[in-house]
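# Residue-level structure breakdown
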Amino acid sequence: MSRDGAGPPRAELEQYATDLFVREDPLLAELRAEMESRDLPMIQVPARTGLLLSILVRACGARRILEVGTLGGYSALWMASSLPPEGRLLTLEQSPDHAELAREFIHRAGRSEHMEVRVGNADELLPGVEDEGKWDVVFIDADKERYGSYLKQAERLLRPGGLLLADNVFWQGRILEETGEADESTKALQEFNRALAGHASFDATILPVGDGVALGVRR
Ligand SMILES: C[S@@+](CC[C@H](N)C(=O)[O-])C[C@H]1O[C@@H](n2cnc3c(N)ncnc32)[C@H](O)[C@@H]1O
């Protein structure tokens, strides 16, 4: 067994796991290329995180997934690949341009009937989503400053046993910065991680995949 500092670097181990397990759908590779050609920010989850999300969706038998932060629909399409035929995914996105691309690729994937991209500020849209019933999975991947607010909403929206997922909780290492020196996004993520770690409604941890994925099971 390797001890801290004694084994190969984590990046090499992640690459090993990626090479062995990750098979990206060619449509998703096309989506990445299209995002690049339209000058969209290339801040979608890496493929290994996409695979992790899709496996977690399958593991909990999810039928209803809510995503906060669509971008071009890359993570949404990974997760939807594990939904049963009658499953539903709702994803919230404030940028009409991002939403348009996501809808285009959702259509090309033949999933328009089951996947909805709703345009607007997630903080304003989420209270309305509460009227649509409970969700099996909530995936948070939008503005980092609002992660704490999304956590509060997710607590209300998830069914018991449902999964809370949130990307970027390592924030490329900046999560370790002293709070006094950290910027607003970093501080918000530090606060989010602390809140989740001590949360009475979640059994939670961080999976060290990609940029860190928070995982909480709703009690
Ligand atoms: C990191 S990207 C999402 C990546 C996507 N989940 C993926 O992996 O393919 C974050 C997205 O959240 C959107 N966003 C940021 N703040 C938002 C807000 N308050 N409400 C809704 N969407 C927001 C941004 O426009 C951006 O498209």
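Residues numbered from 1 in each chain as written. Predicted model: local features only at pLDDT ≥ 70, side-chain atom pairs only at ≥ 80, totals over all residues.

### Structural notes on the overall build of the chain
Put simply, the rule is: The helix and strand labels rest on DSSP assignments: H or I over at least four residues marks a helix, E over at least two residues marks a strand, and numbering proceeds from the N terminus. Both definitions apply: the radius of gyration is a C-alpha atom measure, and the globule rule equals 2.2 Å times residues to the power 0.38. To sort residues by burial, count the other C-beta atoms lying within 10 Å of each one's C-beta; a count of 20 or more means buried, 12 or fewer means exposed, and anything in between means partly exposed. C-beta atoms are built from the backbone. Two residues qualify as a contact pair if the distance between their C-beta atoms, derived from the backbone, is within 7 Å.
Broken down by element type, the chain carries 8 helices and 7 strands. Relative to the 2.2 N^0.38 estimate, which gives 17 Å for 219 residues, the radius of gyration of the chain is 17 Å and therefore close to what a compact globule would have. With the C-alpha coordinates aligned to their principal axes, the bounding extent of the chain is approximately 50 × 40 × 35 Å. Counting across all 219 residues of the chain, residues that qualify as buried make up 39%. In the chain, the proportion of contacts linking residues at least 24 apart, taken out of those at least 6 apart, comes to 69%.

### Comments concerning the pairing of strand β5 (residues 158–167)
This is how it is decided: When DSSP finds two or more bridges between a pair of strands, those strands are recorded as paired. With the strands aimed away from the viewer, a crossover counts as right-handed if its path from the first strand over the helix to the second runs clockwise.
The buried count for β5 comes to 7 of 10 residues, which makes it a mostly enclosed element. Bridge count between strand β4 (residues 135–140) and β5: 5 bridges; the pairing is parallel. Along β5, the bridge assignment pairs Trp135 with Leu158. One crossover worth recording links β4 to the parallel β5 by way of helix α7 (residues 147–157), and it is right-handed. With 5 bridges connecting them, β5 and strand β7 (residues 213–218) associate as antiparallel partners. If you follow Leu165 over to β7, its bridge partner there is Leu215.

### What to know about the packing of α7 against helix α8 (residues 184–197)
Put simply, the rule is: Interaxial angle, 0 to 180 degrees, is taken between N-to-C directions of lines fitted to C-alpha atoms, where a helix line uses only the stretch in contact. For classification purposes, an angle smaller than 35 degrees is called roughly parallel, one larger than 145 roughly antiparallel, one from 65 to 115 roughly perpendicular, and anything else oblique. Residue polarity is assigned by list, with Asp, Glu, Lys and Arg as charged and Ala, Val, Leu, Ile, Met, Phe, Trp, Tyr, Cys and Pro as nonpolar; anything else, Gly included, falls into the polar class.
At a minimum axis separation of 8 Å, α7 and α8 run at an interaxial angle of 30 degrees. Taken together, the axes of α7 and α8 lie roughly parallel to each other. In contact with Tyr147, Gly148 and Leu151 of α7, α8 contributes Ala188, Leu189, Glu191, Phe192, Ala195 and Leu196. In terms of residue class, the contact of α7 with α8 is made up of 7 nonpolar, 1 polar and 1 charged.

### Notes on the nonpolar core
Put simply, the test is: Here, a nonpolar core means buried Ala, Val, Leu, Ile, Met, Phe, Trp, Tyr and Cys residues linked by C-beta atoms lying within 7 Å of one another.
Within the largest apolar cluster, 58 residues are counted, with the highest numbers of intra-cluster contacts made by Ile65, Met79, Val137, Val138, Ile140 and Leu165. Among residues more than four places away in sequence, those in contact with Leu165 are Leu53, Leu56, Val137, Phe139, Ile140, Val213, Ala214 and Leu215.

### Regarding the packing of helix α1 (residues 10–21) against helix α3 (residues 47–59)
Rules: Should the near helix be turned counterclockwise from the far one by less than a right angle, the crossing is left-handed, whereas a clockwise turn marks it as right-handed.
Viewed as axis vectors pointing N to C, α1 and α3 meet at an angle of 65 degrees, and their least axial separation amounts to 10 Å. Every pair of crossing elements has a handedness; the one defined by α1 and α3 is left-handed. On α3, the residues that touch Glu14, Ala17, Thr18 and Phe21 of α1 are Ala47, Arg48 and Leu51. For the contact of α1 with α3, the per-class residue count stands at 4 nonpolar, 1 polar and 2 charged.

### Brief notes about unusual backbone geometry
Backbone geometry at Asp39 places phi at a positive 60 degrees, although glycine is not the residue there. Checked against the element boundaries, Asp39 lands in the loop between α2 (26–37) and α3. The exposed category is assigned to Asp39, around which 8 C-beta atoms lie within 10 Å. Of note, Leu71 is a non-glycine position whose phi angle comes to about 50 degrees, a positive value.

### A closer look at the site of the ligand
Selection criterion: Placing a C-beta atom from the backbone of each residue, we mark the residue near a molecule or strand if the atom is within 6 Å of it.
Neighbouring the ligand are 20 residues, the closest being Gln44, Gly69, Tyr74, Ser75 and Ala122. Taken together, the elements giving at least two residues each to the shell around the ligand come down to α4 (74–80), β2 (88–93) and α6 (122–129). In terms of residue class, the shell around the ligand is built from 7 nonpolar, 8 polar and 5 charged.

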